[in-house]
Amino acid sequence: MPSSMSDRDAAPYASETRVAVAAAEEAGALLHGRFGTARAVGVKDAAGDVVTDLDLAAEKLILARLQTHFPRDRILSEEAGLLDAVGSRTWLVDPLDGSNNVAIGLTAYAVGIGLCVDGAPVVGVVHEPVTGSTWRAVRGQGASCGLHRLPGPSGAVPRSGPVVAWTQGHAVDRADPVAAGLRGQLERRTRRVLQLWAPLLGWSMLARGAIDGFVGYCAEGIDFPAGALLAAEAGVEFRTLAGGPFTVCSAGPDADRSFVAARGDTLTYLLDVVAAAQAA
């Protein structure tokens, strides 16, 4: 390989991945260093989801890095909104996934950065400041943490039942009957349902095989593509709640991001659970 060949030439999206990893880790260091001093500076919605000063500080850092290296790309960020540009490439930035956790002193949070081309995720980076772990995925190249490939879940249904993560969008009402029905069935027929308030952590756990599945209802579009790509590149399969094909993408309303993600027999099992919830 010629020494003058750039990262972008060496492998698809190598330069983008390198910049996203560096930005996520730098933002993570900021969050970790200032954890415990977070101040709520705003409220996102009537449900009380907060924005902290750490959200804004981490976002400012990440946006500066992306705009420096990729000035022609669009950026859609959790707090800043859409920074528009011409082209088919869009960066999705969640500078602090788990703001509500941080606001109450709970150390469950992550940084997420994804790149989509024509709506399809091609790069996904998730960084956990507490452990210093960074998980990354590139479309068609697998998912990894450092030099180690992420294996994904086994696909076998544990005798005690699967452990699954759950997420629902900010716009979903607490009394929403579909969400309540899904959660109820999952609680009855799985070993544990994780509601982390930080979906990116759930995706990282699924990609490394620490949990068995993930069910989402009207999931948020900002963090979904990066996390879902991580899982997909680790061999996780996706279905709609009805069991049909599901395409991971950033386009469309949150209502289109209702899914079951698992592998093998666990996927079949969870689809049966979801079907029972919808039939009730």
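The residue numbering used here restarts from 1 in each chain and proceeds along that chain's sequence as written. Local features in a predicted model are, by the rule used here, given only for residues with pLDDT of at least 70; side-chain atom pairs are given and counted only at 80 or more, and totals for whole chains, interfaces and linings are based on all residues. Side-chain numbers here rest on the full set of heavy atoms in the structure, without hydrogens or water.

1. Brief notes about the side chain of R257
Then, number 1: Positionally, R257 belongs in the loop between β14 (237-240) and β15 (259-262).
Then, number 2: Among the residues examined, R257 registers a relative accessible area of 4% and is labelled buried.
Then, number 3: Under this definition, polar contacts are N or O atom pairs within 3.5 Å; protein pairs additionally need one hydrogen-donor-capable and one acceptor-capable atom, and for neighbouring residues in sequence, both atoms have to be side-chain atoms. Here D254 takes part through its side chain, which lies 2.4 Å from a polar atom of the side chain of R257.
Then, number 4: Those residues in contact with R257 that sit more than four places away from it in its chain are G216, Y217, C218, A219, E220, G221, F224, F246, C249, S250, A251 and G252. Strands here are runs of E lasting at least two residues and helices are runs of H or I lasting at least four, both read from the DSSP assignment and numbered beginning at the N terminus. The buried label goes to any residue with under 20% of its type's maximum accessible area, the exposed label to any with over 50%, and the partly exposed label to all in between, with areas taken from a 1.4 Å probe on protein chains only. In what follows, a contact means two residues having at least one pair of non-hydrogen atoms within 4.5 Å.

2. Details of the pairing of strand β9 (residues 142-145)
Then, number 1: Two strands pair under a simple rule: DSSP has to find at least two bridges between them. Sheet topology note: the strand β8 (residues 133-138)/β9 ladder contains four bridges and is antiparallel. If you follow A137 over to β9, its bridge partner there is A143.
Then, number 2: Connecting β8 to the antiparallel partner β9 that follows it, the hairpin turn spans three residues, and G140 within it adopts a positive phi of roughly 80°.
Then, number 3: Hairpin connection from β9 to strand β10 (residues 148-149): two residues lie between these consecutive antiparallel strands, with G146 at a positive phi of about 65°.

3. A short note on unusual backbone geometry
Then, number 1: Phi is positive for Y13, close to 65°, though the residue is something other than glycine.
Then, number 2: As for its position among the elements, Y13 is in the loop between α1 (7-10) and α2 (14-34).
Then, number 3: In this model, D118 sits at a positive phi of 55°, which is unusual for a non-glycine residue.
Then, number 4: One can find D118 in the loop between β6 (110-117) and β7 (120-128).

4. A few points about a nonpolar patch on the surface
Then, number 1: A grouping of I104, L106 and W197 is seen on the molecular surface, where their side chains present a nonpolar patch of about 360 Å² in accessible area.
Then, number 2: The topology assignment puts L106 in the loop between α4 (99-103) and β6. Like charges are joined within 9 Å and nonpolar side chains (Val, Leu, Ile, Met, Phe, Trp, Tyr) within 5 Å, but only among residues with over 30% relative accessible area and no salt bridge; these make up the patches. To be clear on the numbers: accessible area is Shrake-Rupley with a 1.4 Å probe, and residue cover counts the displayed protein chains and nothing else. By convention in these notes, a salt bridge is any Lys or Arg side-chain nitrogen within 4 Å of a carboxyl oxygen on Asp or Glu.

5. Description of the sheet that holds β15
Then, number 1: Read across the sheet, five strands follow the order β12-β11-β13-β15-β14 without closing on themselves; strand pairing throughout is mixed. Of all the strands in the sheet, just β12 (192-194) and β14 have a single pairing partner and so form its edges. Taken over all neighbouring pairs, the strand axes of this sheet differ in orientation by 20° on average, direction set aside. Angles run from 0 to 180 degrees between N-to-C directions of axes, and those axes are lines fitted to C-alpha atoms, restricted for helices to the stretch in contact.

6. Regarding the nonpolar core
Then, number 1: If you look at the biggest cluster of nonpolar residues, it comprises 32 residues, and the most contacted ones within it are W203, L206, F224, L230, F238, F259 and A261.
Then, number 2: Looking at this core, the elements with two or more residues in it are β8, β11 (163-168), α6 (199-207), α7 (224-233) and β15.
Then, number 3: Per element, the largest residue contribution to this core is six residues, and it comes from α6.
Then, number 4: The residues contacting F224, other than those within four sequence positions of it, are W203, A219, F238, F246, V248, C249, R257 and F259. Here, nonpolar core means buried Ala, Val, Leu, Ile, Met, Phe, Trp, Tyr and Cys residues that are tied together by side-chain atoms lying within 4.5 Å of each other.

7. Overview of the packing of helix α5 (residues 177-189) against helix α8 (residues 264-279)
Then, number 1: Relative to each other, α5 and α8 sit at 130°, their axes nearing to 8 Å. With respect to α8, the element α5 is oriented oblique. The handedness of the crossing between α5 and α8 is right-handed. Contact residues: G181, L182, Q185, L186 and R189 in α5; Y269, L270, D272, V273, V274, A276 and A277 in α8.
Then, number 2: Classification used: nonpolar for Ala, Val, Leu, Ile, Met, Phe, Trp, Tyr, Cys and Pro, charged for Asp, Glu, Lys and Arg, polar for all others including Gly. Residues belonging to the contact of α5 with α8 are distributed by class as follows: eight nonpolar, two polar and two charged. Here is the rule for angles: anything less than 35 degrees is roughly parallel, anything more than 145 is roughly antiparallel, 65 through 115 is roughly perpendicular, and the remaining ranges are oblique. Left-handed describes a crossing whose near helix is turned anticlockwise from the far helix by less than a right angle; the clockwise case is right-handed.

8. Details of α6
Then, number 1: α6 sits mainly inside the fold: nine of its nine residues count as buried.
Then, number 2: The positive-phi residue at the C-terminal boundary of α6 is G209, with phi of around 80°.

9. So, the confidence of the model for the chain
Then, number 1: Scored from 0 to 100, pLDDT records how confident the predictor is in each individual residue. Across the chain, the average pLDDT comes to 93, with 95% of residues at or above 70.
Then, number 2: Within the model, pLDDT remains below 50 along residues 1-8, and this stretch shows nine contacts once partners closer than five positions in the same chain are excluded.

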